[in-house]
Amino acid sequence: MDRETRAAAERHFRGAGSRVLGGGPALHCVAFIPDPCTFSYADFVTGFLLPNLPCVFSSAFTEAWGSRRRWVTPAGKPNFEYLERKYGNVVVPVANCGVQEYNSNPKEHMPLQDYLAYWQDYIQLGGASPKGCLYLKDWHLCRSPFHVDIFRSYSWSVNICGRKKWLLFPPGQEEALRDKHGSLPYDVTCPELTDTRLYPTHLHSSPPLEITQEAGEMLFVPSGWHHQVHNLDDTISINHNWVNGCNVAHMWHFLQQELDAVHREVSQWKDSMPDWHHHCQVIMRSCSGINFEEFYHFLKVIAEKRLLVLEQEEQGTLGHSASLGLGLQQVVFDLGRLTEVLASVVTHPDFQWVDTSTFSPQPQELLGQLRAVLATTQAL
Ligand SMILES: O=C(O)CCC(=O)C(=O)O
Ligand SMILES: [Fe+2]
């Protein structure tokens, strides 16, 4: 990120106020980025991260990846022999796509070599197996049910080999896909969606953005975009999720929504249960994977790493690895966003119920430190 991009990003959030994720004009196509030489990180920040829009990077971006050479045969198929030799003993989680457990699939663990044996049999039998359709999570096989990524993170996904079809819904558009009980469908292509008694608002839903991701291509999935993925071939993909200054407020907004939902569910016990707020945090953690205390620690760890980079920069001891590969401008921008979110966390009424006595530093202390440091970074 350069200075100018940081200024644009800061302006973006200054204007955003309490704007929540969602809305925006309907999109009919997804941008394609053909050439790594003419596309910078700054272009990515202003064109996609800040407006929260998806894009596809051409296979030229991943041409040099070792996995694209070694995991794939010259014919573009998974190199089973190589994968088994290198990783055969690794125990991997495998989901059974034929069985629906809430909005997911039950998982078991097995050595990769067993999974690869299953996969080769599946191909030999023409895309069938008495064991059903097994899905190796992280090296995705088959298809992934309709979902939104954890904590409203961004993600990218690269096809090492094979092709995928993605169906993407901008934030908020999933609302029209809820059934009469408020639940989202497991499969957005299932015929039941047209039954207005089951899905009363489906008529008002917009069709998803449909993307065919070719071998080597990378798709950027923005924050809060629901999606469903179908493997069109035998496919291996690598995915990564991340949060930075551009979407950390989306994460915080999501956590507040999750807590509100818990409050609504258990509101009838509020007056009779002395530690009701604590229980809400416990429920939230088990449903959403994180509570307010852990979110505070998440912010703290990232803030301290960024503060260290600034300190080293000041002392002239900043090496490339110490900067986490982030430019100084990104570090300053992230600190600004973290400070804003932390200020909102510490004043949230439910955070007042969290026992912070053992936190080090104390939340207010960290906030003060961040504000003091930020005041010195304007000239950077
Ligand atoms: O590629 C897939 O099957 C699903 C990827 C995905 O959306 C995820 O892991 O969150
Ligand atoms: Fe996902």
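Parameters at a glance
- Residues numbered from 1 in each chain as written.
- Chains lettered and ligands numbered in written order.
- Predicted model: local features only at pLDDT ≥ 70, side-chain atom pairs only at ≥ 80, totals over all residues.
- Helix = DSSP H or I, 4+ residues; strand = E, 2+ residues; numbered from the N terminus.
- Buried ≥ 20, exposed ≤ 12 C-beta atoms within 10 Å, placed from the backbone.
- Pairing = 2+ DSSP bridges.
- Axes fitted to C-alpha atoms, helices over the stretch in contact; angles between N-to-C directions.
- Contact = placed C-beta atoms within 7 Å.
- Left-handed = near helix turned anticlockwise from the far one by under 90°.
- Nonpolar A, V, L, I, M, F, W, Y, C, P; charged D, E, K, R; others polar.

Participant: Help me get a handle on the environment of E294, residues and values and all.
Facilitator: Looking at the element boundaries, E294 is found in helix α8 (residues 292-315). Each C-alpha atom of the pair E294 and L53 lies 28 Å from the other, and the pair is 241 residues apart in sequence.

Participant: Tell me about unusual backbone geometry, residues and numbers included.
Facilitator: Of note, the bond from S360 into P361 is cis; its omega dihedral lies within 30 degrees of zero at 0°. Mapped onto the secondary structure, P361 falls in the loop between α9 (328-347) and α10 (363-375). With phi around 55°, F151 is a residue other than glycine that occupies positive phi space. Along the chain, the position of F151 falls in the loop between β6 (143-147) and β7 (154-161). Unusually for a residue other than glycine, R152 sits at a positive phi of about 60°. By the element assignment, R152 lies in the loop between β6 and β7. Note on R152: 25 C-beta atoms within 10 Å, which makes it buried.

Participant: Describe in detail the sheet that holds strand β3 (residues 91-96), supporting the description with residues and values.
Facilitator: Spatial ordering of the open sheet is given by β4-β3-β5, a layout of three strands whose pairing is antiparallel. At either margin of the open sheet sits one strand with a lone partner, and together these are β4 (107-111) and β5 (134-136). Pairs of neighbouring strands in the sheet enclose a mean axial angle of 40°, with direction left out of account. Relative to β5, β3 runs antiparallel, the two being bridged by three bridges. Each residue of the ladder has a partner; that of N96, found in β5, is L134. Relative to the sheet, helix α5 (residues 112-124) contacts β3, β4 and β5, its axis offset from that of β4 by approximately 100°.

Participant: Before we move on, can you summarise the packing of α8 against α9 with the specific residues and values?
Facilitator: Orientation of α8 relative to α9, taken along the N-to-C sense of each, is 145°, at an axis distance of 10 Å. Considering the relative orientation of α8 and α9, their crossing is left-handed. Side by side, α8 and α9 meet where F295, Y296, L299, I302, A303, R306, V309, L310 and E313 of the first sit next to L328, V331, D334, L335, L338, V341, L342 and V345 of the second. A breakdown of the residues in the contact of α8 with α9 according to their chemical character gives 14 nonpolar, no polar and three charged.

These values are about where atoms sit, not about what they do.
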